[in-house]
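Structure at a glance
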Amino acid sequence: GAVVSQHPSRVICKSGTSVKIECRSLDFQATTMFWYRQFPKKSLMLMATSNEGSKATYEQGVEKDKFLINHASLTLSTLTVTSAHPEDSSFYICSASTTMGSYEQYFGPGTRLTVT
Amino acid sequence: LAKTTQPISMDSYEGQEVNITCSHNNIATNDYITWYQQFPSQGPRFIIQGYKTKVTNEVASLFIPADRKSSTLSLPRVSLSDTAVYYCLVGDMSGNTDKLIFGTGTRLQVFP
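Residues numbered from 1 in each chain as written. Chains lettered and ligands numbered in written order. Predicted model: local features only at pLDDT ≥ 70, side-chain atom pairs only at ≥ 80, totals over all residues. Heavy atoms only, no water.

Residues and elements named next belong to chain A. Structurally, Ser 95 can be placed in strand β9 (residues 90-97). Residue classification places Ser 95 among the buried positions, given a relative accessible area of 0%. Here the side chain of Ser 95 touches Gln 105 through a polar contact of 2.6 Å, side chain to side chain. Here Ser 95 is in contact with Thr 32, Met 33, Phe 34, Tyr 36, Gln 105, Tyr 106 and Phe 107, once residues within four sequence places are set aside. (Helix = DSSP H or I, 4+ residues; strand = E, 2+ residues; numbered from the N terminus. Buried < 20%, exposed > 50% of the residue type's maximum accessible area, 1.4 Å probe, protein only. Polar contact = N/O pair within 3.5 Å; in protein donor to acceptor, adjacent residues only side chain to side chain. Contact = heavy atoms within 4.5 Å.)

Residues and elements named next belong to chain A. Burial of β9 is extensive: 8 of the 8 residues sit out of reach of the surface. Along β9, one buried face is formed by Ser 90, Tyr 92, Cys 94 and Ala 96 and the opposite face, lined by Phe 91, Ile 93, Ser 95 and Ser 97, is buried too. Here 7 bridges tie strand β4 (residues 32-38) to β9, and the two strands are oriented antiparallel to one another. Considered in β9, the bridge of Gln 38 is made with Phe 91. When β9 meets strand β11 (residues 111-115), the two strands line up antiparallel, connected through 3 bridges. (Pairing = 2+ DSSP bridges.)

Take unusual backbone geometry next. A cis amide bond links His 7 of chain A to the next residue, Pro 8 of chain A, at an omega of 0 degrees. Relative to the helices and strands, Pro 8 of chain A resides in the loop between β1 (4-7) and β2 (10-13). Within the chain, Lys 41 of chain A stands out as a residue other than glycine whose phi angle is a positive 60 degrees. Position of Lys 41 of chain A among the secondary structure elements: in the loop between β4 and β5 (44-51). Residue classification places Lys 41 of chain A among the exposed positions, given a relative accessible area of 71%. For Arg 77 of chain B, which is not glycine, the phi dihedral falls at a positive 50 degrees. Within the element layout of this structure, Arg 77 of chain B appears in the loop between β7 (70-75) and β8 (84-92). For Arg 77 of chain B, a relative accessible area of 63% puts it in the exposed group.

Moving on to the interface of chain A and chain B. Taken residue by residue, the interface counts 22 residues in chain A and 20 residues in chain B. The contact between chain A and chain B buries some 1,600 Å² in all, and 52% of this surface belongs to carbon and sulfur atoms. Viewed at the interface, chain B and chain A are joined by 0 salt bridges. Taken together, the links from chain A to chain B amount to 5 residue pairs in polar contact (both at pLDDT 80 or more). Residue assignment for the side of chain A that touches chain B shows that the elements contributing at least two residues are β4, β5 and β9 of chain A. At 4 residues, the largest contribution of residues to the side of chain A that touches chain B is made by β5 of chain A. For the side of chain A that touches chain B, the residue count by class is 10 nonpolar, 8 polar and 4 charged. (Buried area = accessible area lost by both parts, 1.4 Å probe. Salt bridge = Lys/Arg side-chain N within 4 Å of Asp/Glu carboxyl O. Nonpolar A, V, L, I, M, F, W, Y, C, P; charged D, E, K, R; others polar.)

Okay, here's the thing in structure tokens:
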């Protein structure tokens, strides 16, 4: 089946620094990629949708200047958490689909971000 | 986007059949029903997807009544490794809606 990877799997950073998380589709071209965040024992919350070559669409309440998303190729999307703060500590998960819609979404393993 | 409602948690024992029902009263004509499984600190994993009636694969069955306002995920003979959170999602597969919204999910605990 389709495989999505994320790097790093976990990262610890100091408050005020920026962290970049990569999401790659390894064996298929991902027209659309999605970014979620998940707090402990909570459900996944969609942050943004990105289509290759265009600007990401952010969900209401998600700061686009804080969570920078770049989808420069059909196999790579990056999420940069800028000026991270402890409240940004969370589990970040990406997913990718092979069509413009959400049909057949494949999820990455997630990235655990801890901001100290 | 159709909202889904599931039980928050369920308990079962090894070897039993588990049925998790999801309500989606506002499901639209183009919407498919998809179930995902998630283990702690991992991304969700696709289990099964269907539009109507019954769908079966090697790990589960999905029952969808004619009105499509609910669906039931059936896990036959669960084992300890089936302890996880199960999410029911409803999404437009025609490409008109390009996102999935996760509900609360059902936390299944399997006991020996």
